[in-house]
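Residue-level listing of the chains:
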Amino acid sequence: MSAGKATQEPQTTSDMLEPTPELLAELAEASQKLESATPEEIIAWAAERFGSKLTMGTAFGPEGCVILYLLSQIAPETRVFNLDTGYQFQETLDVRDQIREKFGIDVELLKPEHTVEEYEQLHGGPLYKTNPTQCCFDRKIKVLQRGAAGNHAWISAIRRDQSPDRAKASIVGWDKKFGLAKINPLANQTKSWVWRMITEHGIPYNVLHDQGYTSVGCWPCTRAVMAGEDERAGRWSGTGKTECGLHTLDDSPNA
């Protein structure tokens, strides 16, 4: 797996996993059986079921770092990528290096079509100021759609207790937006469980979490949270926006 690879071969029909009634029934049954399973058991099931067609997208949040640690123990050959929007904090990118050094997992950086400079020139300035949803779509959603090419399933690090939309997440399900099975090994876990894992296993994490950043995204749209605020209150603060669209249940591609 080479670092910084930004493109993949186009996805063909034969590469795609079709959401047949049989597959959807299989995923639903697996989700029900895994509802009380540990994250390790869920990841092991996913690795066995999807093999080399399993991938993971990470933004190097604490949950994602825990999953990277578990992957290094269970399925270290799993391809992992990061959506390198061009607006990430340097502290976020530093975690990538620390994960590689400690666990041997080289997270691939998937980049948008245009650099930040090109993108802002195209839109007459930073689009995150005027249309953050479009910015997220162009620099995250479209990149994940490309990154999904040739894969059948992806692992996410969401927890159900993070937001009302994420509360509806199944352990295993079909992601209509990206045409993949979606595995959520930490859906039933809590913030305290995640940080206990980080402490007990010496898992690298973003140092911004020590500075009041409970959820870290792109630097222009992320702030530290105040006492008593929701852990995602620092994302797109003041806009009413709470998700970039990767994990919303809306089927539309630019949700």
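Structural data are supplied above this passage.
This section reports on the structure supplied with the text. Nothing here was measured: the structure is a model prediction, and the numbers come from that model. (Residues numbered from 1 in each chain as written. Predicted model: local features only at pLDDT ≥ 70, side-chain atom pairs only at ≥ 80, totals over all residues. Heavy atoms only, no water.)

The phi angle at Phe-60 is positive, at roughly 65°, despite the residue not being glycine. Relative to the helices and strands, Phe-60 is located in the loop between β1 (54-57) and α3 (62-74). Among the residues examined, Phe-60 registers a relative accessible area of 1% and is labelled buried. (Helix = DSSP H or I, 4+ residues; strand = E, 2+ residues; numbered from the N terminus. Buried < 20%, exposed > 50% of the residue type's maximum accessible area, 1.4 Å probe, protein only.)

This part is about the packing of aromatic side chains. Ring pairs (aromatic) are described by centroid distance and by the angle formed between their planes. In the structure shown here, the tally under the stated rule is 8 aromatic pairs. Centroid distance Tyr-87 to Trp-219: 6.5 Å. Interplanar angle 65°. Geometry classified as edge-to-face. Of this pair, Tyr-87 sits in the loop between β2 (79-83) and α4 (90-103) while Trp-219 sits in the segment after α8 (191-201), and the two are 132 residues apart along the sequence. Trp-219 sits in the partly exposed class, given a relative accessible area of 43%. Seen in terms of ring centroids, Phe-89 and Tyr-213 are 5.8 Å apart; in terms of plane orientation they differ by 70°. Their pairing is edge-to-face. On the criterion of sequence distance, the pair formed by Phe-89 in the loop between β2 and α4 and Tyr-213 in the segment after α8 is long-range, its members being 124 residues apart. Exposure class is identical for Phe-89 and Tyr-213. Each is buried. Of the aromatic side chains, those joined through ring pairs into one cluster are Tyr-87, Tyr-128 and Trp-219. (Phe/Tyr/Trp six-rings, centres within 6.5 Å; stacked < 30°, edge-to-face > 60°.)

Moving on: the sheet that holds strand β4 (residues 153-155). Strands pair in a sheet through their backbones, by hydrogen bonds, and they do so in one of two ways: parallel or antiparallel. Spatially, β3-β2-β1-β4-β6-β5 is the arrangement adopted by the 6 strands of the open sheet, whose pairing is mixed. Every other strand in the sheet has two partners, leaving β3 (108-110) and β5 (172-175) as the edge strands with one partner each. Taken pair by pair, the neighbouring strands of this sheet meet at an average axis angle of 35°, ignoring direction. The pairing of β5 with strand β6 (residues 180-183) spans 4 bridges and is antiparallel. Across the sheet, Trp-174 pairs through a bridge with Ala-181, a residue of β6. Helix-sheet contacts for helix α2 (residues 39-50) involve β1, β4, β5 and β6, and the interaxial angle to β6 is about 160°. Set on the sheet, helix α7 (residues 132-147) makes contact with β2, β3 and β4; between it and β2 the angle comes to about 160°. (Pairing = 2+ DSSP bridges. Axes fitted to C-alpha atoms, helices over the stretch in contact; angles between N-to-C directions. Contact = heavy atoms within 4.5 Å.)

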